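The residues making up each chain are set out below.
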Amino acid sequence: MSFAWPWQYSFPPFFTLQPNGETRQKQLSAWCALALAYSRRHRLPAMTVREAQDSPLFANRRLQRILWGPGVPRAPACPPPPPPFSSLPPAVGERLLNPRPGKLPLESIQVVLEELRKNGNLEWLDKNKTSFLIMWRRPEEWGKLIYQWVSKNGLTNSVFTLYELASGDDTENEEFHGLDETMLLRALQALQQEHKAEIITLDDGRGVKFF
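Here's a quick rundown of the structure. Here, residues in each chain are numbered from 1, in the same order as that chain's written sequence. In keeping with the predicted nature of the model, local features appear solely for residues at pLDDT of at least 70, side-chain atom pairs appear and are counted solely at 80 or more, and the whole-chain, interface and lining totals rest on all residues. Water and hydrogen atoms play no part in the side-chain values, which are based on all heavy atoms of the structure.

1. Describing the sheet that holds strand β4 (residues 159-161)
Moving on, step 1. For two strands to be treated as a pair, DSSP must find at least two bridges joining them. Every helix listed is a DSSP run of H or I at least four residues long, and every strand listed is a run of E at least two residues long, numbered separately from the N terminus. As summarised here, the arrangement of the three strands in space is β4-β6-β5, forming an open sheet in which the pairing is antiparallel. Because the sheet does not close on itself, it has two edges, and the strands there are β4 and β5 (197-202). Each strand of the sheet is rotated relative to its neighbour by a mean of 30°, with strand direction disregarded.
Moving on, step 2. With six bridges joining them, β5 and strand β6 (residues 205-210) adopt antiparallel strand pairing. Looking at the pairing, threonine 201 lines up with arginine 206 of β6.
Moving on, step 3. In what follows, a contact means two residues having at least one pair of non-hydrogen atoms within 4.5 Å. Structural elements are reduced to axes, namely lines fitted to C-alpha atoms, with helices fitted over the stretch in contact, and the angle between N-to-C directions of any two is expressed from 0 to 180 degrees. Lying over the sheet, helix α8 (residues 181-193) contacts β5 and β6, oriented at roughly 130° with respect to β5.

2. Digging into the nonpolar core
A general trend in soluble globular proteins is that nonpolar side chains are found buried together.
Moving on, step 1. Core analysis: the largest hydrophobic core is formed by 29 residues, its most contacted members being Trp31, Phe58, Leu113, Leu116 and Phe132.
Moving on, step 2. Where this core is concerned, the elements lending two or more residues are α1 (21-42), α2 (49-53), α5 (106-118), β2 (122-124) and β3 (131-134).
Moving on, step 3. With seven residues, the single largest contributor to this core is α1.
Moving on, step 4. Leaving out residues up to four positions away in the same chain, leucine 113 has contacts with Val49, Leu122, Trp124 and Phe132.
Moving on, step 5. In this structure, Val150, Leu155, Ala166 and Phe210 belong to the second largest nonpolar core, which totals 24 residues. By convention a nonpolar core is built from buried Ala, Val, Leu, Ile, Met, Phe, Trp, Tyr and Cys residues, the set being connected through side-chain atoms within 4.5 Å. Exposure categories follow from relative accessible area, calculated using a 1.4 Å probe and restricted to protein chains: below 20% of the type maximum is buried, above 50% is exposed, and the middle band is partly exposed.

3. Describing the sheet that holds β3
Moving on, step 1. The strand order across the open sheet formed by three strands is β1-β3-β2, and the pairing between neighbours is antiparallel. Edge positions in the sheet fall to β1 (47-48) and β2, since each has one partner strand and no second.
Moving on, step 2. Relative to β3, β1 runs antiparallel, the two being bridged by two bridges. When the sheet's bridge partners are listed, methionine 47 is paired in β3 with phenylalanine 132.
Moving on, step 3. Each of β2 and β3 touches α5; the most contacted strand, β2, lies at about 110° to it.

4. What about the pattern of salt bridges?
Moving on, step 1. We define a salt bridge as a contact between a side-chain nitrogen of Lys or Arg and a carboxyl oxygen of Asp or Glu at a distance within 4 Å. Counting across every chain of the model gives nine salt bridges.
Moving on, step 2. Here arginine 40 makes a salt bridge to glutamate 175, at a shortest N to O gap of 3.0 Å. Of the two residues, arginine 40 sits in helix α1 while glutamate 175 sits in the loop between α7 (162-167) and α8, which places them 135 residues apart along the sequence.
Moving on, step 3. Classification of arginine 40 by relative accessible area gives partly exposed; the value is 41%.
Moving on, step 4. Counted as one network, the salt bridges with shared partners bring together Arg40, Arg137 and Glu175.

5. As for the packing of α1 against α5
Moving on, step 1. Between α1 and α5, whose axes approach to 10 Å, the crossing angle comes to 75°. In terms of orientation, α1 and α5 fall into the roughly perpendicular class. Facing Arg24, Gln25, Leu28, Trp31, Cys32, Ala35 and Leu36 of α1, the residues of α5 in contact are Val111, Val112, Glu115 and Leu116. Here is the rule for angles: anything less than 35 degrees is roughly parallel, anything more than 145 is roughly antiparallel, 65 through 115 is roughly perpendicular, and the remaining ranges are oblique.

6. Here's the deal with the environment of serine 108
Moving on, step 1. Checked against the element boundaries, serine 108 lands in helix α5.
Moving on, step 2. Taking the C-alpha atoms as reference points, serine 108 and leucine 28, 80 residues apart in sequence, are found 9.7 Å from one another.

7. What about the pairing of β6?
A regular strand places its side chains so that they alternate between the two faces of the sheet.
Moving on, step 1. Across three bridges, the pairing between β4 and β6 is antiparallel. Following the sheet pairing, valine 159 is matched in β6 by lysine 209.
Moving on, step 2. Count of turn residues in the β5/β6 antiparallel hairpin: two residues.

8. Re the side chain of serine 158
Moving on, step 1. For serine 158, the position within the fold is in the loop between α6 (139-152) and β4.
Moving on, step 2. In the analysis that follows, any N or O atom pair within 3.5 Å is treated as a polar contact, provided that within protein one partner can donate a hydrogen and the other can accept it, and provided that, for residues neighboring in sequence, both atoms belong to side chains. Separated by 2.9 Å, the side chain of serine 158 and the backbone oxygen of leucine 155 make a polar contact.
Moving on, step 3. Setting aside residues no more than four positions away along its own chain, serine 158 makes contact with Val208, Lys209 and Phe210.

What follows is the structure, encoded as structure tokens:
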């Protein structure tokens, strides 16, 4: 099943963060909802900000082709003072605000990612904020799903490798199947804090014992 993009994704001004405070907050909320839905649908792993910038999430290539197609004049690199914005054709006016309409600028992507972090849906993976993990479910929510599966199948006191949990045949029909290892560890750490699991070291890597 293909991903259902929201209507804003085909609306050029969506890719330029608006200066009005109320409008901007609504726009950020829409971007956060889109990022969470897209990440959940495509099971996005940890990624860098640069990778995010080039992903379909933040770059509508179809919209770019329309806006940059033949017959639409390009804004000059150093434009003179523009006429009133309302008097400009939509494609040209939007380009004066965003030189790459249809693609969210890097600085705006960072604003969206920081908003996700404030909402508890993103974790920066390095101090320079160049890589991140979007959490459409929080670690404790994933931990709850995993432990429900363990309890339902009578697997307490059992030991699993991380690979068996995320990629094994026994979990194929579970929502946590295919979960990024970084998030899987966060989920198991949440269970460990609840004394329901212990992360252990095995000969072939890390594993977990459930209680």
